[in-house]
Each structure stands twice: as structure tokens, then as C-alpha cells.
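Geometric and topological summary
Here's the letter readout for the chains.
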Amino acid sequence: MSLAVSMSPATGWTVVIVLGIIWVLLGIYWGRKAKGSEGFMLAGRNVGLSLGAATAMATWVTSNTMMVAPVLALEKGVWGMLAYASAAFGLMLFAPLAIRIKRLLPDGFTAGDFFRQRYGRAGWTLFILITLLYSITWLVTMAIAGGKLLEALGGIPYAQGMTLILTVCVLYTLFGGLFAVIGTDFIQSLIILIGVVVIGVMVIVRLDAGETYRHVAEHQPALLDVMMPVALLAFFNNMLFGFGEVFHNNVWWSRAFAMREKVAPRAFFLSGLLWFPIPIAAGFIALAAGPLGVNVTDASKVGPVVAEHVLGQAGMGAMAGILILVVLFCSIASSIDSLLAATSDLLVKDIYVGLFKGNLSGRVFRKVVAVAILSVALIAWILALSGWNVATVLYSAGGLVSSLIWPVIAGLFWKRCNRGLVLAGVVLGCSTGYYCFFMIEPYIGALSGGAVSMFFTILSRYVKPKPFPEPEPEPSLT
Amino acid sequence: MFSETFFSVMITVGLVWTALGAVTLIALLIRDWIRNELW
């Protein structure tokens with residue numbers, strides 16, 4: 001797999017190592033602020049609007065946003081672009097949830113605290129199983145994407161590139177905790193936004209949107225069809241997938257806990273607004289491939305191929321490859337660091353302390369956190385090296401995450417429900433989601449799982465409902 | 001079929017919106033820094 005690589009492996013290594021050193025040094029610098037468990041895991045619970053919005057947005061811009069959104073545009077046209085952009089609604093709708101999270105669990109550390117307090121040990125166990133499976137596979141797909149990107153753009157062998165990007169993210173997360181993650185996310189989000197605009201403008205200078213439209217209308221009119229059934233399914237399925245992913249995952253809950261109370265809802269809504277146009281801009285770059293005469297032999301790389309073509313034509317030479325590499329590297333690193341931090345928080349708070357009653361006093365805290373981060377990274381590294389098809393595991397998990405949408409909403413906003421029915425709905429929703437994904441059509445996995453869980457959650461309000469237990473303050477970890 | 005006008009407006013707005021996002025983040029960063037509300 002390779003693009004028309006416009007840089008030598010030496011340049012590729014140099015770019016990645018320089019970027020890596022910058023992130024690690026910043027991680028060490030910001031890490032000095034991380035005092036105690038609240039400092040390291042939640043950046044002192046005092047994060048402001050600019051950093052809060054940027055970290056939520058940057059985390060949601062994954063390699064998929066930059067690589068898969070163009071593919072969706074290429075295959076499903078306008079609806080494909082809008083389908084991917086619909087994932088922004090998950091971030092926006094997390095805003096009202098963040099208000100309730102801050103009020104219900106002002107001392108909370110993880111999403112696991114919520115599930116344990118609202119749904120008991122059984123609900124917590126279900127959540128941990130689903131979220132660990134999902135988060136690890138998401139992390140592995142990011143590591144794989146990083147390795148393939150460095151191989152395609154920088155000529156760096158896959159195993160070395162994947163190890164390098166994972167090591168960089170582990171180092172700065174290890175040194176700086178959530179302070180380092182949020183700080184680097186801000187810089188990465190700016191690089192991503194500016195990079196997408198620069199490439200998009202370069203495309204539009206050579207070919208305006210009208211020319212692209214006429215070319216697509218002539219050669220692939222189905223891509224402009226308002227009533228394209230599979231694209232409409234993709235739109236709603238992707239939206240539900242996004243809701244499930246954001247509503248349940250500790251990546252977002254830890255940020256809600258980290259932000260100031262009044263900041264959290266505004267930051268999440270703003271991050272959704274900032275994220276929404278990125279898949280549209282990235283999708284347009286892909287649709288421009290045909291009219292620009294770019295030969296796309298591998299659809300999965302259409303975005304970088306077109307970007308490299310237009311930047312090359314603009315006389316940027318080797319700088320074209322470097323710009324694309326930097327933007328994609330940032331999009332991957334901003335997700336890997338968040339997943340490392342949030343997943344290791346679950347291992348520390350929910351498993352080590354919650355399940356095994358472990359001690360975190362004094363210097364033990366940093367040692368336990370370090371072991372948790374390194375363990376998550378090691379598992380991801382082994383899976384990414386094995387070549388196991390984790391992408392299918394991740395994409396088929398739509399039913400898993402969408403089954404948690406309604407239990408989260410009910411637990412946050414309702415006063416009573418039948419907890420057994422809600423959890424039965426989660427189990428049946430997961431099963432239905434998997435069945436529909438593999439046996440009927442992949443684009444209905446999240447839809448069907450979410451629908452089954454919604455039915456049971458609504459039913460739980462009317463069949464022998466019991467009040468939720470009063471929320472308890474979470475004790476300090478150190 | 002989506003019209004050419006809709007398509008052109010969507011792409012243009014998408015790019016301008018993305019650019020405004022970067023400007024907004026920088027403006028908010030400066031505001032938070034001045035108010036000492038970064039973190």
C-alpha cells in the first residue's frame with residue numbers, strides 16, 4: 001500500500017520524531033500541574049471553554065474522519081458526507097447530559113461511577129464489558145491507521161510506524177495525564193482545522209464546487225440522489241452510532257468531569273459545531289478526484305491522494321506530503337491519547353479500586369496509573385501487530401453502544417425505573433444489533449440495537465418502577 | 001436530485017465554517033488566557 005509518496009523515509013522519520021518530541025516535551029511541561037488523582041485524571045476539574053471545546057472536537061476527529069468520510073462521500077455522495085457529519089449531533093446532545101452529570105456526580109471520576117450508582121453491580125459489569133471491548137478496538141484501529149499512514153506517506157515500515165505513534169502518545173499521557181492530553185489536543189485541533197481548510201481551498205481554486213457537481217451529475221448521478229435508500233440508512237445509523245459512542249464512553253465523561261460546571265455543556269455543544277463541517281470538507285476533496293483526473297486505485301486513500309495531487313500541482317513539492325502527514329498524525333494522536341487516558345482511568349478507578357479495593361495513597365497512585373496506561377497500550381500494540389481484523393469488531397459494535405443510549409438518558413434524567421428491564425434491554429439490544437449487522441445489513445446494526453433498548457427502557461418506566469438510589473459522593477482516590 | 005446550488009452552498013459553507021472554527025478556538029483561547037480561565 002503506498003501513495004505517490006512525495007517524501008523520503010528519512011523525511012518521514014524526521015517529521016514524526018520532531019512532532020513526537022514536541023508532544024512529549026509539552027506533556028512533561030503541562031504534567032507539572034498534575035497533582036494527585038484529580039490533577040492527573042481530570043486536569044484539576046477546572047478546564048475552560050477553549051481547551052474543553054478543542055479537546056472534545058479533536059478527540060472526535062479520528063483517522064476515520066479524515067480517511068473514511070471521503071470514502072463515504074465517494075460511494076454514497078451527498079448523503080454520505082451528511083451521514084458522517086451527523087456524528088456531530090452526538091457531541092451537541094451530550095451538552096444537556098453534561099449538565100446532569102455535573103449535578104448528579106460532582107465528585108465523579110468515570111462513567112463507571114454512574115453505572116454502578118444507578119444500575120448496581122450488574123449494570124456496571126455490562127457497561128465495563130461493552131466499553132472495554134469498544135474502547136480497546138477503537139484504540140487498536142487508531143494504532144493500525146497510524147502505522148499504515150506512516151508507511152504510505154513516510155515510507156516507514158508498518159510495525160515501526162505503529163510502534164512509534166503509540167509510544168509518543170503513551171509517553172506524553174504518562175508524563176502529563178489529562179493536562180497533557182487536553183493541551184496537545186488544542187494544538188492538534190488547530191492543525192487539523194487549518195489543514196482541512198488549506199487543502200479544501202487548494203481544491204476549490206482548481207475546481208469550483210459547480211464543476212465538481214456537473215462532473216458527478218454526468219458520471220455518477222446516483223451520488224446526488226435525494227432518495228438513496230442505503231445512504232439514508234447510513235445517515236441515521238451513523239447518527240445513532242455517534243450518540244451511543246459519545247453518551248457511554250469514558251472519553252467524554254472524563255472530559256465532562258474535568259470541565260467547570262458552567263463550561264461543560266457549552267464546550268460540548270461548541271465542539272459539535274466545530275466538528276460538523278469537517279466530514280463535508282473532507283468529502284468534497286474526495287468527490288473532486290474524478291473532475292481533477294486523479295486516478296483512485298484504492299478508495300480508502302482517496303482523501304490523501306487528492307490532497308497530495310492538488311498540493312503538488314500548487315508547487316508545494318515535498319511540503320505537500322509533510323502537510324498531509326502532520327494533519328493525519330494529529331487526527332490520530334488526538335484520539336489515541338484520549339483513549340489511553342480514559343481507558344486507563346477505568347482500569348484504575350473501576351477495576352483496581354472498585355473491584356479489587358486497591359490502595360492509591362502516596363506514590364502508589366502514579367505507579368498504578370503508569371501500569372494501567374502501559375497495559376492498555378501493550379494490548380493495543382499486540383492486537384495492532386497481529387493483523388487481526390479489529391475494524392469489523394469496531395464497526396459491528398454499533399448495537400453495543402447504541403444499546404446504552406437510553407439507559408444513560410434514563411439514569412441521568414429519570415427518578416425511577418425498573419432496572420432489571422433496562423439491563424435486559426441492553427443485552428437484547430446488543431444481540432439484535434449484532435444479528436442485524438451480520439445477517440441483514442451493516443447499516444442497521446446501531447439502529448436496531450438502539451430501538452430494542454429504547455423499547456425496554458420506556459417499558460421500565462411503567463412496569464414496577466423503583467426510585468434510583470440517592471447519588472453518593474465519590475471518595476477521593478489518593 | 002440535490003441541486004447544484006445546494007451542493008455549492010454546502011461545500012462553501014463547510015469550508016468557511018471550518019475556517020471559522022479555527023478562528024473561534026484561537027479567540028476563545030485568548031479570552032480564557034486573559035481571564036486566567038484556561039484550566
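Residues numbered from 1 in each chain as written. Chains lettered and ligands numbered in written order. Predicted model: local features only at pLDDT ≥ 70, side-chain atom pairs only at ≥ 80, totals over all residues.

Right, let's get into the overall build of chain A. Of the regular secondary structure elements, chain A holds 21 helices and two strands. In terms of overall dimensions, chain A is globule-like: its C-alpha atoms have a radius of gyration of 22 Å, near the 23 Å expected for 478 residues. Residues classed as buried in chain A amount to 60% of the 478 residues present. The long-range fraction of contacts in chain A, counting pairs at least 24 apart against all pairs at least 6 apart in sequence, stands at 85%. (Helix = DSSP H or I, 4+ residues; strand = E, 2+ residues; numbered from the N terminus. Rg over C-alpha atoms; globule rule 2.2 N^0.38 Å. Buried ≥ 20, exposed ≤ 12 C-beta atoms within 10 Å, placed from the backbone. Contact = placed C-beta atoms within 7 Å.)

Take the packing of helix H1 (residues 9-31) of chain A against helix H15 (residues 318-355) of chain A next. All names here are of chain A. Packing of H1 against H15 brings their axes to within 11 Å, and their N-to-C directions diverge by 40°. Here H1 is positioned oblique relative to H15, judged by the angle of their axes. The handedness of the crossing between H1 and H15 is right-handed. In contact with Thr11, Gly12, Val15, Val16, Leu19 and Trp23 of H1, H15 contributes Ala318, Ile322, Leu325, Val326, Phe329 and Ala333. Per-class residue counts for the contact of H1 with H15 are 10 nonpolar, two polar and no charged. (Axes fitted to C-alpha atoms, helices over the stretch in contact; angles between N-to-C directions. Parallel < 35°, antiparallel > 145°, perpendicular 65-115°, else oblique. Left-handed = near helix turned anticlockwise from the far one by under 90°. Nonpolar A, V, L, I, M, F, W, Y, C, P; charged D, E, K, R; others polar.)

The next subject is the interface of chain A and chain B. The partner chain B presents 22 residues to the 33 residues of chain A that form the contact. Sorting the residues of the side of chain A that touches chain B by element identifies helix H3 (49-60), helix H7 (158-206), helix H8 (209-219) and helix H12 (277-287) of chain A as the ones contributing at least two each. Classifying every residue of the side of chain A that touches chain B by side-chain character gives 25 nonpolar, seven polar and one charged.

Turning next to helix H6 (residues 111-154) of chain A. Residues and elements named next belong to chain A. Between the first and last C-alpha of H6 there are merely 38 Å, a value that for 44 residues lags more than 12% behind the 64 Å anticipated at 1.5 Å per step. Among the 44 residues that make up H6, 35 are buried, leaving the element largely enclosed by the rest of the structure. Gly155, located one to two residues past H6, shows a positive phi value of around 70°. (Expected span 1.5 Å × (residues − 1).)

The predicted model of chain B averages 94 in pLDDT, with 100% of residues at 70 or higher. At the level of chain-chain contacts, confidence expressed as ipTM amounts to 0.96, with global pTM at 0.93. (pLDDT = per-residue confidence, 0-100.)

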